[in-house]
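# Observations on the model geometry
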Amino acid sequence: MAFNDLSWSPSEKKVARAAFDKALEVALGKTLAEFKKKASDAASFSDMWEIEDYLRQQRRNLEQLFDYRYSQLILVFASLIRKGYLDEKLLAGLSQDKREEISRFLAWHART
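Residues numbered from 1 in each chain as written. Predicted model: local features only at pLDDT ≥ 70, side-chain atom pairs only at ≥ 80, totals over all residues. Heavy atoms only, no water.

### Observations regarding the pattern of salt bridges
The condition is simple: Think of a salt bridge as a Lys or Arg side-chain nitrogen and an Asp or Glu carboxyl oxygen that are within 4 Å of each other. Helix and strand definitions here come from DSSP, where helices need a minimum of 4 consecutive H or I residues and strands a minimum of 2 consecutive E residues; each element is numbered from the N-terminal end. Only protein chains enter the area calculation, which uses a 1.4 Å probe; residues under 20% of their type maximum are buried, those over 50% are exposed, and those in between are partly exposed.
Counted according to the given criterion, the structure contains 10 salt bridges. One salt bridge connects Glu 25 with Lys 22, and the closest N-O pair in it is separated by 3.7 Å. Residue Glu 25 and its partner Lys 22 are both found in helix α1 (residues 10-41); the two are separated by three residues, about one turn of the helix. For Glu 25, a relative accessible area of 51% puts it in the exposed group. Residue class for Lys 22 comes out partly exposed when judged on its relative accessible area of 38%. Arg 56 serves as the salt-bridge partner of Asp 53, at 4.0 Å between the closest nitrogen and oxygen.

### Details of the packing of α1 against helix α2 (residues 45-65)
Under the convention used in this document: Angular values range over 0 to 180 degrees, each being the angle between N-to-C directions of two axes fitted as lines to C-alpha atoms, with helices fitted over their stretch in contact. Orientation categories follow fixed angle ranges, with anything under 35 degrees roughly parallel, anything over 145 roughly antiparallel, 65 to 115 roughly perpendicular, and all other angles oblique. Throughout, a contact is declared for two residues whenever any of their heavy atoms are within 4.5 Å. Each residue gets one label: Ala, Val, Leu, Ile, Met, Phe, Trp, Tyr, Cys and Pro are nonpolar, Asp, Glu, Lys and Arg are charged, and the others, such as Gly, are polar.
It is at 10 Å that the axes of α1 and α2 come closest, and there the two elements cross at 170°. By the criterion of interaxial angle, the relationship of α1 to α2 is roughly antiparallel. Contact residues: α1 offers Ala 27, Leu 28, Thr 31, Glu 34, Phe 35, Lys 38, Ala 39 and Asp 41, while α2 offers Asp 47, Ile 51, Tyr 54, Leu 55, Gln 58 and Leu 62. Here the contact of α1 with α2 is built from residues that sort into eight nonpolar, two polar and four charged.

### A look at the packing of aromatic side chains
Put simply, the rule is: Pairing of aromatic side chains requires ring centres within 6.5 Å, counting the rings of Phe and Tyr and the six-membered ring of Trp. Pairs whose planes differ by under 30 degrees are stacked, by over 60 edge-to-face, and all others tilted. Charge over a ring is defined by NZ of Lys or CZ of Arg lying within 6 Å of the ring centre and within 35 degrees of the ring normal.
Using the criterion set out here, one finds five aromatic pairs in the structure. Plain terms: the ring middles of Phe 66 and Tyr 85 are 6.4 Å apart, the flat faces sit at 35° to each other, and that makes the pair tilted. Note that Phe 66 is positioned in the loop between α2 and α3 (73-82) and Tyr 85 in the loop between α3 and α4 (96-111), a separation of 19 residues in sequence. Note on accessibility: Phe 66 and Tyr 85 belong to one class, buried. Put simply, the rings of Trp 8, Phe 20, Phe 66, Tyr 68, Tyr 70 and Tyr 85 touch in pairs and so form one group of aromatic residues. Stacked on the ring of Tyr 70, the Lys or Arg Lys 13 has its end atom at 5.1 Å from the ring centre.

### Observations regarding α3
Given 3.6 residues per turn, any residue in an α-helix points the same way as the ones three and four places further on. Judged by how many residues are buried, α3 sits mostly within the fold: eight of 10 residues are covered. Residues of α3 that are buried make contact with α1, α2 and α4. Count one or two residues on from α3 and you reach Gly 84, which has phi positive near 85°.

### Brief notes about the packing of α3 against α4
Test applied: With the far helix as reference, a near helix turned anticlockwise by less than a right angle produces a left-handed crossing, and one turned clockwise produces a right-handed crossing.
At a minimum axis separation of 9 Å, α3 and α4 run at an interaxial angle of 50°. Regarding the angle of α3 to α4, the classification is oblique. The chirality of how α3 crosses α4 is right-handed. Of α4, the residues touching α3 (which contributes Ile 74, Leu 75, Phe 77, Ala 78, Ile 81 and Arg 82) are Lys 98, Glu 101, Ile 102, Phe 105, Leu 106 and His 109. Here the contact of α3 with α4 is built from residues that sort into eight nonpolar, one polar and three charged.

Quick look at the structure:
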């Protein structure tokens, strides 16, 4: 069975949503902190437009990364862990097969 064909129990859906939301909060918090730093360091009009470009790019990146479709969550969770937005412990309520798939993706990324 492919990872995108995995079924999600109601309890796993709750765990997945909570982990996803927590990771999004972490990612947005890091983005906000970086925005505040850039804004406080801004000294020119061009700095202001660079901040706008930065925010637009961050929004695109986060929208691509945070894809809450069950068919994509295994990859999404692996990416969120790898980027430091998600603590793997928050996924403890997922089935063993889902956690193993996430671990496989993490191991694969570690080798590349």
